[in-house]
Amino acid sequence: VIPALAPFLARHPDLRFELVMSDARQNLVTDGVDLAIRLNVGSLNDSTFGVRKLALVERLVIASPAYLSAHGTPATPGDLAKHDCIVQHGSFGSESWRFRRGKTLTSVDVRPRLWIDSASGVLAAAIAGLGISLGTRVMAGDELRTGQLTRLLDAYQLDPAEVYAVFPAGPRPSAKVRAIVDHLASALNA
């Protein structure tokens with residue numbers, strides 16, 4: 001999302017942003033937040049919020065070469081049960097990872113060594129060699145390209161993560177919020 005802000009801010013030089021980066025769920029109304037970007041929203045408890053799906057992002061299994069050298073590389077999802085895993089609290093991560101290969105679904109209960117409450121923390125822990133984690137191509141793309149992380153289990157797919165814009169005050173957000181949401185939807189699907 002952050003790289004997509006540069007062209008938007010260039011086109012709208014009078015807009016000012018306060019960007020709060022947190023994986024914790026905020027109360028948008030009481031915290032005075034105009035817009036939240038969330039993964040896998042599920043059902044909203046309050047119908048006074050509007051929501052718009054921005055994108056689907058590919059999820060993958062990742063680990064550092066150092067971790068794999070020390071602990072071996074899993075060949076199948078079932079092998080993950082023998083590895084240290086890093087799990088993100090909340091809707092993105094869980095202790096049961098579900099894989100698809102063709103029409104076959106496989107669910108594996110992983111053994112978390114670490115539970116972390118932020119995606120950036122999960123990524124840092126994976127880079128540090130503390131275990132195997134789930135990530136997204138968007139989140140871990142640079143680290144995969146530079147070799148800091150390795151993608152595992154290429155023959156299997158995970159359900160993609162859904163990226164949503166959530167905003168208070170009903171289904172019709174302000175013009176400013178509509179503009180950034182439209183821009184992000186376009187940028188994330190480019």
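Look up a bit, the structure's there.
None of the values given here were measured: they were computed from a predicted structure.

A few points about unusual backbone geometry
With a phi angle near 55°, Leu153 is a residue other than glycine that sits in the positive phi range. Position of Leu153 relative to the elements: it lies in the loop between β9 (150–152) and β10 (157–158). What makes Leu153 buried here is its relative accessible area of 9%.

Looking at the sheet that holds strand β8 (residues 132–136)
Judged by pairing direction, the sheet is mixed, and its five strands sit side by side in the order β7-β4-β8-β3-β9 without closing on themselves. Edge positions in the sheet fall to β7 (111–116) and β9, since each of these pairs with one other strand and no more. Adjacent strand axes in the sheet meet at a mean angle of 45°, parallel and antiparallel pairs treated alike. Bridge analysis of strand β3 (residues 59–63) against β8 gives four bridges, and the strand direction is antiparallel. Within β8, the position partnered with Val61 by the bridge is Leu134.

Some remarks on helix α1 (residues 2–11)
Every buried residue of α1 is accounted for by Ala4, Leu5 and Phe8. In a view along the axis of α1, the buried residues occupy a sector of 105°, so they form one face of it. In α1, those exposed residues whose orientation departs by more than 90 degrees from the buried face are Pro3, Ala6 and Ala10. Looking at the buried positions of α1, the neighbouring elements they touch are α5 (175–188).

Brief notes about the packing of α1 against α5
Helix-helix packing is described using two parameters, namely the angle between the two axes and the distance between the axes. Between α1 and α5, whose axes approach to 10 Å, the crossing angle comes to 135°. By the criterion of interaxial angle, the relationship of α1 to α5 is oblique. Considering only the axes of α1 and α5, their crossing is right-handed. Taken together, the residues of α5 that come into contact with α1 (itself represented by Ala4, Leu5, Pro7, Phe8 and Arg11) are Ala179, Ile180, His183, Leu184 and Ala187. Broken down by class, the residue content of the contact of α1 with α5 amounts to eight nonpolar, one polar and one charged.

Definitions and cut-offs
- Residues numbered from 1 in each chain as written.
- Predicted model: local features only at pLDDT ≥ 70, side-chain atom pairs only at ≥ 80, totals over all residues.
- Heavy atoms only, no water.
- Helix = DSSP H or I, 4+ residues; strand = E, 2+ residues; numbered from the N terminus.
- Buried < 20%, exposed > 50% of the residue type's maximum accessible area, 1.4 Å probe, protein only.
- Pairing = 2+ DSSP bridges.
- Axes fitted to C-alpha atoms, helices over the stretch in contact; angles between N-to-C directions.
- Arc of directions from axis to C-beta.
- Contact = heavy atoms within 4.5 Å.
- Parallel < 35°, antiparallel > 145°, perpendicular 65-115°, else oblique.
- Left-handed = near helix turned anticlockwise from the far one by under 90°.
- Nonpolar A, V, L, I, M, F, W, Y, C, P; charged D, E, K, R; others polar.

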